[in-house]
Amino acid sequence: MSKRDEYVGKLKAQLDQWNTEVAKWEAKAQKAQAGARAEYEKQPKEVRRQRDQALEQMKRVQAATGDAWIDLVRGADDAWAKMREALEKARSHFNK
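The rules behind each value
- Residues numbered from 1 in each chain as written.
- Predicted model: local features only at pLDDT ≥ 70, side-chain atom pairs only at ≥ 80, totals over all residues.
- Heavy atoms only, no water.
- Helix = DSSP H or I, 4+ residues; strand = E, 2+ residues; numbered from the N terminus.
- Core = buried A, V, L, I, M, F, W, Y, C linked by side-chain atoms within 4.5 Å.
- Buried < 20%, exposed > 50% of the residue type's maximum accessible area, 1.4 Å probe, protein only.
- Contact = heavy atoms within 4.5 Å.
- Salt bridge = Lys/Arg side-chain N within 4 Å of Asp/Glu carboxyl O.
- Expected span 1.5 Å × (residues − 1).

Here the focus is the environment of Lys24. With respect to the element layout, Lys24 can be found in helix H1 (residues 3-31). For the pair formed by Lys24 and Pro44, sequence separation is 20 residues and the distance between their alpha carbons is 9.8 Å.

So this is what it looks like as structure tokens:
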């Protein structure tokens, strides 16, 4: 297995974990009272937006040929950092 494949595999596993967590929050938002629901729904939307950007970066790394993927790692790492920030913000909101 190449280093690129290992890197992409790690990113995919992290995305799967985050998707599971967001699904739990969405279920919690559905059960919330109407007033709290809007606030609950706002957090997963931001997480999904960041997730989509991270997924796009992962796809770019995966599709890169030769050593070009190494140049794309920085963008993927930045997207992952933003995704983690969005998740931490959502976690603090949902774990109140």
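Moving on from the coordinates now.
Right, let's get into the nonpolar core. Tyr7, Val47, Trp80 and Leu87 are the most contacted members of the largest nonpolar core, which totals 21 residues. Contributing elements (two or more residues each) for this core: H1, helix H2 (34-63) and helix H3 (68-94). Among the elements that make up this core, the one with the highest residue count is H3 (nine residues). In this structure, Leu87 is in contact with Trp18, Glu21, Val22, Trp25 and Val47, ignoring residues within four places of it in sequence.

So, about the side chain of Gln50. As for its position among the elements, Gln50 is in helix H2. When its relative accessible area of 7% is taken as the criterion, Gln50 is described as buried. If near-sequence neighbours (up to four positions away) are discounted, Gln50 is found in contact with Lys82, Met83 and Ala86.

Attention now moves to the pattern of salt bridges. Applying the stated criterion across every chain yields a total of four salt bridges. Residues Glu56 and Arg60 are paired through a salt bridge, measuring 3.7 Å at the closest nitrogen-oxygen approach. Separated by four residues within a single helix, Glu56 and Arg60 lie in helix H2, roughly one turn from each other. Where Glu88 meets Arg91, a salt bridge forms, and the shortest distance between an N and an O atom there is 2.4 Å. Taken together, the residues span about one helical turn, with Glu88 and Arg91 both in helix H3 at a distance of three residues. Overlapping salt bridges, with partners in common, bring together Glu21, Glu88 and Arg91 in one network.

This part takes up the environment of Gly66. Looking at where Gly66 falls in the secondary structure, it is placed in the loop between H2 and H3. Assessed through its relative accessible area of 57%, Gly66 is described here as exposed. Along the sequence, Gly66 and Arg4 sit 62 residues apart, while their C-alpha atoms lie 9.6 Å from each other.

It is worth spelling out the side chain of Gln57 at this point. On the secondary structure map, Gln57 appears in helix H2. Owing to a relative accessible area of 16%, Gln57 belongs among the buried residues under this scheme. The residues contacting Gln57, other than those within four sequence positions of it, are Leu72, Gly75, Ala76 and Ala79.

With that settled, consider H1. End to end, H1 covers 43 Å across 29 residues, agreeing with the expected 42 Å (1.5 Å per residue, within 8%). Taken residue by residue, H1 has Tyr7, Val8, Leu11, Leu15, Trp18, Glu21, Val22, Trp25 and Ala29 as its buried positions.

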